[in-house]
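Commentary on secondary and tertiary structure
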Amino acid sequence: MGSIALRNLWERKLRTALTALAIVLGVMMVSGTYVLTDTIDASFEDIFTESNEGVDAVVTATEFIDSDDGVVPAFDAAVLGDVKRTDGVAQAAGGIADPQVAIIGADGEPVGGNGAPTFAFSAGGPDRFDPLTYVEGNPPESDDELVIDKATADSQGFELGDPVTVAGKTGTQEYTLGGIATLGEVDSFGGATLALLTLAEAQRLTGKEGQFDQISVAADAGTTPEILAANLQATLPNTVRAETGAENVETQQDDVGEFINILKTALLIFAGVALFVATFLIFNTFSITVAQRTREFAMLRTLGASRRQILGSVVLEALAIGLAASAIGILLGIAFAPAIQALFKAVEIDLPATGTVVAPRTIIVGFVIGTGITVLAALIPALRATRVPPVTGLREGAVMTTPRQARVRSAAGVVLTGLGVAGMLLGLFGVLDPGELWIGVGAAAMFFGVTLLSPYLVTPMAALVGKPLERLRGVPGRLARENATRNPGRTAATAAALMIGLALVSFVAVFAAGLRGSIDEAIDKTLVGDLIVSHEDGFSDIPAVTADAAGRIDGIEVASPYRYAQNKVEGVSGNGYLSLVDPRTATSVLTLDWREGSDAVLAGLGPDDAVIDEGWAADNGFAVGDQFTAETASGRKITYTVRGTFKDATDFIGDYAASDANASAYGEPDTVTNVFIGLEEGADSAAVRGDIDEALASFPTVQTQNQEELKDSIAEELNTLLGVVYALLFLSVIVSLFGIVNTLALSIHERTRELGLLRAVGTSRSQVRRIVRYEAVITALIGGVLGGVLGVVFAIVVSRPLADEGFIISIPVGTLVVLLVLTVVAGILAAIGPARRASRLDVLEALAYE
Amino acid sequence: MPTTSNGTAIVAADAVRRVFGEGEAAVKALDGVSVGFPTERFTAIMGPSGSGKSTLMHILAGLDRPTSGTVKIDGVELGSLDDAELTELRRDKVGFVFQFFNLLPVLNAEENILLPLKLAGRDPDRERLRQLIDAVGLGDRLAHRPAELSGGQQQRVAIARALMSEPAVIFADEPTGNLDSHSSEEVLALLRRAVDEFGQTVVTVTHDAVAAAAADRVLVLVDGRIVRDDDGTHSPDEVLDLMKQVA
């Protein structure tokens, strides 16, 4: 029996390949994801390990709250004296490692755009702490010299002696290139760029005079790194913490690990979608082939094959396809990993990936998932094959008698759809934990449910989309419609595969449109000033001096500094966001939707006053007059008194707004997130902008925008992200198109005699092609329409709880229409092969076919 | 147990009735058939379309169950067997030859012949295989796939397949129904040799008077009953006369 199964696969190479391809693509995505993230992980580990070579212990500022911006505050340089006096310390040196500078490239723009950061490092410590290898030149000896990484030097064409400009918190400064360095074997710090300056110059440029970002410590003979770190921890003030070099590598690794895990999860979700779609394809292909081989199974049963042997034979086919497809998928995934990386690089997410890490887990998971899904999907068709009664083998043209399961089927469909919707809603409202997982499981159940119900929709939908075809195209249109409805279950399962991909695409489109509308609305309603100064990347902080510089310009009435920060409020779980504003100027550039209080309250905010978000207030039981205590990044605790409440539809402000009198407590001093500018009555906006650009010329990473430009740049970022999501979903759409090709090819095989008859009575080849093509278009459109409707419904359901917070649901009709048109095109493309095959059938042979 | 003059019946049906459908739409395909098939005999079952001859053969072979009555093969009462036991019985005791050959297209001739033994997990008797290949005259075509063989050759492979496991009985359903006259002759001669030289028992259902003439005994079924049971060989003309009489 085994060899029969395998030979069947070999005989039907094309079908086997098409079926396997679905699994190959899914497994490729899974293994590609693992390879990519493992490689990134390993590359970061290399970088961190390399950087900490020769360092026994590291002293950094204590992070009182676990902020997610990756910026670790600096600490007082006086700590170095304490370190040197600690037992077991042989050598110690303080240094700067600031990720908020920019090297200005040959084109006058910051190198690396909005991608990986540029670090300012300080030179001058003992050699053993210096992880760099100088491929050219030497470490900087004077304040006007710098060293940059080899990757940047290569990409910008900088050579020793060239002038290189670096922008920091205190403005731009030109240096002479005195050296080019690599980190161990690695040319650059994994996409990040590096400017090495003298300690004093690094401190000045980053606004950290009298401060260090870290102190590297070496132990004397006889002191282990663990004891050294413990000694340091015991003697140093609580504003800093000491770790061994190895612990520090781990800490840094954990920080990037969080990001890598998010990336991994996101990519695996897309892989999961592709595999989910592949399940439909495999189920469908096996269902059809089992039905077509009814006589063969009946004959085998007659000759004495047991049910178990029949089951084994079909399952073995699935197993063979699954194993082969998984193996190919894993190999392709290894090759595919750089493609995913390139996709991210295209949207300026540059990740280090040197070498290729193929963990055993990648291979095991690939095989288990690929093979498991294939076998599971084939199980129901395989069981059906065992129910073929031997007696049908004796009849000519025997077809499988499908037992009447319609009632069971529709009941299961209704139940699954219901459970799916329930799962989604419960996950959404936090009843089931983790919510994201239950939303996903619910969505999958709902897809299955709708698929079970969709055979009922096939006939009316085929009529809906097929009638116009029939009217326009006559007989071929009519036959295509009839063919599509001949086996509604088959058409439904084929369309369902496409439905899933399109449902997700339209869900994302609707959700993104809503998000964009909401952000636009928030900008319109909240930002009542005229111009917004921000970092080019849209989210990083900018030097606070920009506010002063802008404030001095003629025609500007107010230049109000604004800072978005993180804290931890006592009694409230997790970190929260807040806004620090300048009470004197805030009311002319910001409008809050007051519930209790007024602009006068905001203008009169004292250092210990706050106005809070209505929703946050309700969640935590805060009311006007109450007090709450905020723990800040620097470890300071500030107790605020609630002075007012406002409705913050889009969470623009965060949990609360307070005076920026306390700004320095919330992390790095001298930085703000934005400067909101209000112009004087009658000022010439264009002229003022020119003046601002001039005044901020020494801050090349800072940009000035008006509301419309800000909206556009957010929209652009959103579109970039959408592009990545679409690209990843495209994979599952491709899989579902293979499904259409497969189903059509098998249906044509089944109808060979009929097609021969059509040709015999005078149907032309192009008409035969048309019949097949229209059937594909009808199937694709059923999937497209169902998917579009489901996607819109999903988006409305998911955004329902957000609607109270001002999320505006808007349906991008244009995008949805484009999707439908693309669906038709996809159907036509899928039909090319099968249509050609159908039209080339030899009439006589087709008629004689038995 | 009904027997005939020549020894004990290897296959026997007793008062077999088979009704398809229920109520108004019920059709009596077999209406009380009792018949025995002795070993080493070649029996042809004839009858007009709808006479119930195919149903009788399906029930005799354990492919279908009677509404009432009993069937025994080699002393085993089929009614008491479950699906797995019936499968085993078909595998070990029954050989089949079909009108449309029903060879597996992916296996070559030799592999098709050995298929039932493979299904049973038994080692083939090489000597018997050699004899059978000699008998069916396909020595040079053993490595060919069914698609590369003529209809007659395919049917001879199918007969070899049925003979391979030395079954208690071989059922042949219109074995010449899809063949030209020359191939038919070869196939009939082969079935004849199966009985005469290999000592097999063959039961065939056929429309073909020439095929029936190769048998030792002709049964005629009309409306689910046996109306004639003629022992002894007939010429094709005699068979045709017989059919005319019952019609």
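One structure accompanies this document, and this report is about it. (Residues numbered from 1 in each chain as written. Chains lettered and ligands numbered in written order. Predicted model: local features only at pLDDT ≥ 70, side-chain atom pairs only at ≥ 80, totals over all residues.)

Next up on the list: the overall build of chain B. Helices and strands together make up the secondary structure of chain B, namely eight helices and ten strands. Here the C-alpha radius of gyration of chain B, 18 Å, is about what a compact globule of 247 residues would show, namely 18 Å. Across its three principal directions, the C-alpha atoms of chain B cover 50 × 45 × 35 Å. For chain B, the residues scored as buried account for 49% of the 247 residues in total. (Helix = DSSP H or I, 4+ residues; strand = E, 2+ residues; numbered from the N terminus. Rg over C-alpha atoms; globule rule 2.2 N^0.38 Å. Buried ≥ 20, exposed ≤ 12 C-beta atoms within 10 Å, placed from the backbone.)

Turning next to the overall build of chain A. When its secondary structure is counted, chain A shows 24 helices and 25 strands. On the principal axes, the C-alpha backbone points of chain A span a range of 95 × 65 × 50 Å. Residue burial in chain A is summarised as follows: out of 850 residues, 49% are buried.

What follows covers helix α6 (residues 225-235) of chain A. Listed as buried for α6(A) are A:Pro225, A:Leu228, A:Ala229, A:Asn231 and A:Leu232. One face of α6(A) carries all of its buried residues, which in axial projection span an arc of 160 degrees. (Arc of directions from axis to C-beta.)

Before going further, it helps to examine the environment of A:Phe212. All names here are of chain A. In this fold, Phe-212 is placed in strand β11 (residues 211-212). A count of 28 C-beta atoms within 10 Å places Phe-212 in the buried class. Considering only alpha carbons, one finds Phe-212 and Pro-434, 222 residues apart in sequence, at a separation of 41 Å. Phe-212 has contacts with Ala-74, Phe-75, Ala-77, Leu-80, Gly-94, Gly-95 and Ile-96, leaving out every residue within four places of it along the chain. (Contact = placed C-beta atoms within 7 Å.)

Turning our eyes to something else, we now look at the sheet that holds strand β9 (residues 217-222) of chain B. Residues and elements named next belong to chain B. Taking strand neighbours across the sheet as the criterion, the six strands line up as β6-β7-β8-β3-β9-β10 in an open arrangement whose pairing is mixed. This sheet does not close on itself; its edge strands, each paired only once, are β6 (94-97) and β10 (225-231). In this sheet, adjacent strand axes meet at a mean angle of 20 degrees when their direction is disregarded. For strand β3 (residues 42-46) and strand β8 (residues 202-205), the ladder comprises four bridges, and the chain directions are parallel. Residue pairing for β8: Ile-45 is matched across the bridge by Val-205. Its contacts with the sheet place helix α8 (residues 236-246) against β3, β9 and β10, and it is angled at close to 25 degrees to β9. (Pairing = 2+ DSSP bridges. Axes fitted to C-alpha atoms, helices over the stretch in contact; angles between N-to-C directions.)

Time to look at the sheet that holds strand β1 (residues 9-20) of chain B. By definition, the strands of a sheet pair up through backbone hydrogen bonds, in either a parallel or an antiparallel sense. Residue and element names in this part refer to chain B. Within the open sheet, the four strands sit side by side as β2-β1-β4-β5. Their pairing is antiparallel. With one partner strand each, in any of the chains shown, β2 (27-38) and β5 (76-77) form the two edges of the open sheet. Direction of pairing for strand β4 (residues 68-73) relative to β5: antiparallel, over a ladder of two bridges. From the neighbouring strand, Ile-73 faces β5, where its bridge partner is Val-76. Contacts from helix α1 (residues 53-60) reach β1, β2 and β4 within the one sheet, and its direction differs from that of β1 by about 125 degrees.

These results come straight from atomic positions and should not be treated as a statement about function.
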